[in-house]
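Inside the fold
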Amino acid sequence: MLQTVPAFDRIGEENAFAVLARATELAHQGRDIINLGIGQPDFRTPEHIVEAAVKALRDGQHGYTPANGILPAREAVVRRTLTTTGVEVSPDNVMILPGGKPTMYAAIVMFGEPGAEILYPDPGFPIYRSMIEYTGATPVPVPIREGNDFAFSAEETLALITPKTRLLILNSPANPTGGVTPREEIAKLAKGLEKHPQVAILSDEIYDVMTYDGEEATSLLTFTEIRDRLIVLNGWSKTWAMTGWRLGWSIWPDALYDKVRKLAVNCWSCVNAPAQYAGIAAIDGPQDAVEKMMVAFDSRRKIVVEGLNGLDGVTCLTPRGAFYAFANIKNTGWKAKKLASALLEGPGVALIGGPDFGVLGEGYVRVSYANSEENILRAIDRIGKFLAK
Ligand code: PLP
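Some thoughts on the overall build of the protein
- Secondary structure summary: the protein contains 13 helices and 13 strands in total.
- Taken over C-alpha atoms, the radius of gyration comes to 21 Å for the protein, in line with the 21 Å a tight globule of 389 residues would show.
- Across its three principal axes, the protein shows a C-alpha extent of roughly 60 × 55 × 55 Å.
- Put simply, the protein has 389 residues, and 58% of those count as buried.
- About 16,500 Å² of surface is accessible on the protein, with carbon and sulfur atoms providing 55% of the total.
- Side chains of the protein give 39 positive and 45 negative charges; the mean places of these two sets differ by 4 Å.

Focus on the sheet that holds strand 7 (residues 230–235)
- What the seven strands build is an open sheet, ordered 2-8-7-6-5-3-4; its pairing is mixed. The two strands at the open ends of the sheet, each matched to only one other strand, are strand 2 (94–97) and strand 4 (138–143). The mean inter-strand angle of the sheet, taken between neighbouring strand axes irrespective of direction, is 20°.
- Judged from the four bridges that link them, strand 6 (residues 200–204) and strand 7 form a sheet pairing that is parallel.

Details of the side chain of R74
- The topology assignment puts R74 in helix 4 (residues 71–85).
- Although buried, R74 forms no salt bridge, and the nearest oppositely charged side chain, D92, lies 4.1 Å from it.
- A distance of 2.9 Å separates a polar side-chain atom of R74 from the backbone oxygen of P91.

Details of the sheet that holds strand 13 (residues 364–368)
- What the four strands build is an open sheet, ordered 9-10-13-12; its pairing is antiparallel. Bordering the open sheet on either side are strand 9 (315–316) and strand 12 (352–353), each of which pairs with just one other strand.
- For strand 10 (residues 324–328) and strand 13, the ladder comprises five bridges, and the chain directions are antiparallel. Directly across from N328, in strand 13, lies its bridge partner Y364.

Here we look at the site of the ligand
- Around the ligand, a shell composed of 14 residues is seen, among which D204, Y207, S237, K238 and R246 lie nearest.
- Among the detected pockets, the ligand sits in the second largest pocket.
- Considered class by class, the residues forming the shell around the ligand number five nonpolar, five polar and four charged.

Here's the deal with the domain arrangement of the protein
- Segmentation of the protein into domains returns domain 1 (6–44 + 288–388) and domain 2 (63–284).
- Taking only C-alpha atoms into account, the centre of domain 1 sits 25 Å from that of domain 2.
- Facing 39 residues of domain 1, the contacting portion of domain 2 comprises 38 residues.
- Counting each side, the surface lost to burial between domain 1 and domain 2 is near 3,200 Å², with a carbon and sulfur contribution of 57%.
- Among the residues domain 1 hides against domain 2, the three largest losses belong to L317, R320 and F357. Together they make up 23% of the total.

A word on unusual backbone geometry
- Of note, the amide linkage connecting D122 to P123 takes the cis form, showing an omega dihedral of 0°.
- Assignment of secondary structure puts P123 in the loop between strand 3 (117–122) and helix 6 (126–135).
- For the bond from N175 to P176, the omega torsion is 10°, close enough to zero to count as cis.
- With respect to the secondary-structure elements, P176 resides in the loop between strand 5 (165–171) and helix 8 (183–193).
- One non-glycine residue, D213, lies in positive phi territory at about 55°.
- Note on placement: D213 falls in the loop between strand 6 and strand 7.
- Here A241, not a glycine, exhibits a phi torsion of approximately 55°, which is positive.

Topic: the pairing of strand 5
- Taking burial as the measure, the seven residues of strand 5 include six buried ones, the bulk of the element.
- As judged from the three bridges shared by strand 3 and strand 5, these two strands associate in the parallel manner. Among the inter-strand pairings, E117 is bridged to a residue of strand 5, identified as T165.
- Looking at chain direction, strand 5 and strand 6 are connected through five bridges and run parallel. Across the sheet, residue L167 finds its bridge partner in strand 6, namely A200.
- On the question of chirality, the crossover connecting strand 5 to the parallel strand 6 by way of helix 8 is right-handed.

Rules of the game
- Residues numbered from 1 in each chain as written.
- Predicted model: local features only at pLDDT ≥ 70, side-chain atom pairs only at ≥ 80, totals over all residues.
- Heavy atoms only, no water.
- Helix = DSSP H or I, 4+ residues; strand = E, 2+ residues; numbered from the N terminus.
- Rg over C-alpha atoms; globule rule 2.2 N^0.38 Å.
- Buried < 20%, exposed > 50% of the residue type's maximum accessible area, 1.4 Å probe, protein only.
- Areas by Shrake-Rupley, 256 points an atom, 1.4 Å probe, with all protein chains shown as cover.
- Lys, Arg positive; Asp, Glu negative; His and termini not counted.
- Charge placed at Lys NZ, Arg CZ, Asp CG, Glu CD.
- Pairing = 2+ DSSP bridges.
- Axes fitted to C-alpha atoms, helices over the stretch in contact; angles between N-to-C directions.
- Salt bridge = Lys/Arg side-chain N within 4 Å of Asp/Glu carboxyl O.
- Polar contact = N/O pair within 3.5 Å; in protein donor to acceptor, adjacent residues only side chain to side chain.
- Near = heavy atom within 4 Å.
- 1 Å grid on protein atoms, 1.4 Å probe; cavity = no way out; pocket = protein on both sides within 12 Å on 5 of 7 lines; lining within 4 Å.
- Sits in = over half its atoms within 2 Å of the grid points.
- Nonpolar A, V, L, I, M, F, W, Y, C, P; charged D, E, K, R; others polar.
- Domains from an automatic or database assignment.
- Contact = heavy atoms within 4.5 Å.
- Buried area = accessible area lost by both parts, 1.4 Å probe.
- Right-handed = clockwise from strand over helix to strand, strands pointing away.

So this is what it looks like as structure tokens:
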């Protein structure tokens, strides 16, 4: 038997991928599966972005690039950050990486070790906890409560900090809840963090512009008091429907920048060159496709929420960001993962059980509305009939 180091046995999973695989398998068997499980926009990458990548390849942009990304891509991120947050960062603090996840990995391995504590949202993106456990650090869940509209609480978060805390992970707008933490709450947190200068912060802002009803998400970048220990994760995957391109960016403080650059040199060398040119086109080009996508998400959001609230035993808050509804199923009598599995194998609706996002996810299911209105309505009808049985 090959014996790997114990850390590898602590690596977890993102169950959304397993559900996608099972849904695809069932569909191949001829079953009519409606997929509300997947966390990716069901839109095509806008054509001008695809064209920019094709052009880059035709122009011979197919070699290695600097490990931190080509300067024009980093400068595009600087422009984009100024537009969305009003904060001017330097291209020397911007890293281009193969997706959003590598920033998570880099930040967590930088601060995680046995004896260290890392705070992360629960329910939250499952990779946070998985990678914390990989490093041997102690994962400390920050509860994200329905009663708080799925925002994090500054007070509760600050109360969990100990002298061992090395990293605090935040995510707003959030997966899986669609929660958006209000600016006052984030300001309170930033203020409170002044008392804990040993704590680095990883703010996952990958859904930053995916908000509704005119609400704007607050970037942690706007709080100068924590800038010297703040890592901001972002990327192209969601906003421009580019999940398969593997393209992300992050903003790092001076003290950490060379460390992450060296990690990139060791792990992936650089992000593929044409994707970086596509990324520039995405930021600098017309945003009408993004706006159209958000109009479609908004309309589906209303349908999902109304539909779910009409089901026996189900209640669902209106998500304020991203493209997920996190429905409370406590009164259906089902355990969340059992229900998710029964809905997939039975009526053929794929969604994700809340416990796949943390222990506090029990009693909830995540419904991604990255699917057509027609399919959403059909799915809700199927769930309703199933629950009524
Ligand atoms: N952060 C959050 C909160 C996400 O939901 C996701 C993807 O689902 C990611 C990061 C990872 O994004 P990427 O696919 O660009 O690695």
